[in-house]
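The residues making up each chain are set out below.
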Amino acid sequence: WSRGRGEVYKRQGVFCWSSAVSSVIEDAIDLQIIAWDAGQPPPKLVATGVNLSLEDAYRVQTGFVDYISAGQDADGFKGGLTGLGDPQRFDLEEPLAGVLPPGSGLKSIDNIFQLDISKYHYAMVEMELGFIFRKKITGGDMSIQEIKDAVLAIFPVLELPDLGFAGNGSLHGKDIIAANASAK
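*Asks:* Honestly, the pattern of salt bridges in this entry has me stumped. Any pointers?
*Replies:* Opposite charge on two side chains makes pairing possible when the charged atoms of those side chains draw close. Within the structure shown, the criterion is met by four salt bridges. A salt bridge links Arg-89 to Asp-86, with the nearest nitrogen and oxygen atoms 3.3 Å apart. Of this pair, Arg-89 and Asp-86 both sit in helix α3 (residues 86-89), three residues apart, roughly one helical turn. Where Lys-184 meets Asp-162, a salt bridge forms, and the shortest distance between an N and an O atom there is 3.2 Å. Of this pair, Lys-184 sits in the segment after α5 (173-178) while Asp-162 is found in the loop between β8 (151-159) and α5, placing the two residues 22 residues apart along the sequence. By relative accessible area, which is 25% here, Lys-184 ends up partly exposed. Residue Asp-162 is classed as buried on the basis of its relative accessible area of 4%.

So, in structure tokens, the structure goes:
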């Protein structure tokens with residue numbers, strides 16, 4: 001993947017992008033895409049000195065999701081780092097959100113559900129709650145009662161996030177956001 005304005009290189013086993021003209025956000029999107037296409041774990045952007053605000057990390061996520069979705073609708077959305085104290089462990093103030101890309105669910109073959117974990121770098125298993133809504137949830141302008149009324153169903157979900165990241169240094173919440181909340 002390249003916009004033709006730079007070069008891809010590998011430093012200490014991590015794919016990197018060098019360009020004098022592209023923005024930090026575009027470079028970070030490219031790094032996510034390059035790692036994805038190569039079957040490599042996403043980079044730890046913050047540890048390598050990439051200065052992203054929280055909003056920038058979500059912009060990177062949006063660009064990355066646009067690429068991996070290839071014009072198809074998302075399977076859904078997910079939250080992350082929702083446990084007590086989880087956001088703070090990754091230098092965030094609140095839980096994060098991600099997109100379930102097309103085809104991210106389990107595949108059933110003869111009523112046996114299968115998951116190809118060969119693309120995972122550090123698979124984890126988490127028990128979550130899933131929600132089906134009657135209508136689109138539009139954000140902070142809805143009351144708690146309106147959100148409750150919009151819920152059609154609540155059900156148990158087994159989440160398999162991939163928290164494998166390339167590079168040295170600490171994993172930051174902004175890295176997880178940029179890598180689409182580790183959704184596969």
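*Asks:* What exactly am I supposed to notice about the environment of Ala-35 here?
*Replies:* By secondary structure assignment, the location of Ala-35 is in helix α1 (residues 24-37). Residues Ala-35 and Ala-166 lie 131 residues apart in sequence; the distance between their C-alpha atoms is 9.2 Å.

*Asks:* Help me understand the packing of aromatic side chains, please; the structure alone is not making it clear to me.
*Replies:* For any pair of aromatic rings, geometry is given as the distance between the ring centres together with the angle between the planes. With the rule as written, the count across this model stands at two aromatic pairs. A centroid spacing of 5.7 Å and a plane angle of 80° characterise the contact between Trp-36 and Phe-64, whose relative ring orientation is edge-to-face. Here Trp-36 is found in helix α1, whereas its partner Phe-64 is found in helix α2 (residues 54-69), with 28 residues between them in sequence. For Trp-36, a relative accessible area of 35% translates into the label partly exposed. Phe-64 sits in the buried class, given a relative accessible area of 4%. Between Phe-131 and Phe-133 the ring centres are 6.1 Å apart and the planes differ by 20°, which places this aromatic pair in the stacked class.

*Asks:* Would you explain the nonpolar core in this entry?
*Replies:* Soluble globular proteins: nonpolar side chains tend toward being buried together. Of all hydrophobic cores here, the largest spans eleven residues; its members are Ala-57, Leu-81, Phe-90, Leu-92, Leu-96, Phe-165, Leu-171, Ile-176, Ile-177, Ala-179 and Ala-181. Apart from residues lying up to four places away in sequence, Ile-176 is in contact with Leu-81, Phe-90, Leu-96, Leu-163, Phe-165, Leu-171, Ala-181 and Ser-182. Grouped together as the second largest cluster of nonpolar side chains are ten residues, Leu-45, Val-60, Phe-64 and Ala-178 included.

Conventions used here
Residues numbered from 1 in each chain as written. Predicted model: local features only at pLDDT ≥ 70, side-chain atom pairs only at ≥ 80, totals over all residues. Heavy atoms only, no water. Salt bridge = Lys/Arg side-chain N within 4 Å of Asp/Glu carboxyl O. Helix = DSSP H or I, 4+ residues; strand = E, 2+ residues; numbered from the N terminus. Buried < 20%, exposed > 50% of the residue type's maximum accessible area, 1.4 Å probe, protein only. Phe/Tyr/Trp six-rings, centres within 6.5 Å; stacked < 30°, edge-to-face > 60°. Core = buried A, V, L, I, M, F, W, Y, C linked by side-chain atoms within 4.5 Å. Contact = heavy atoms within 4.5 Å.

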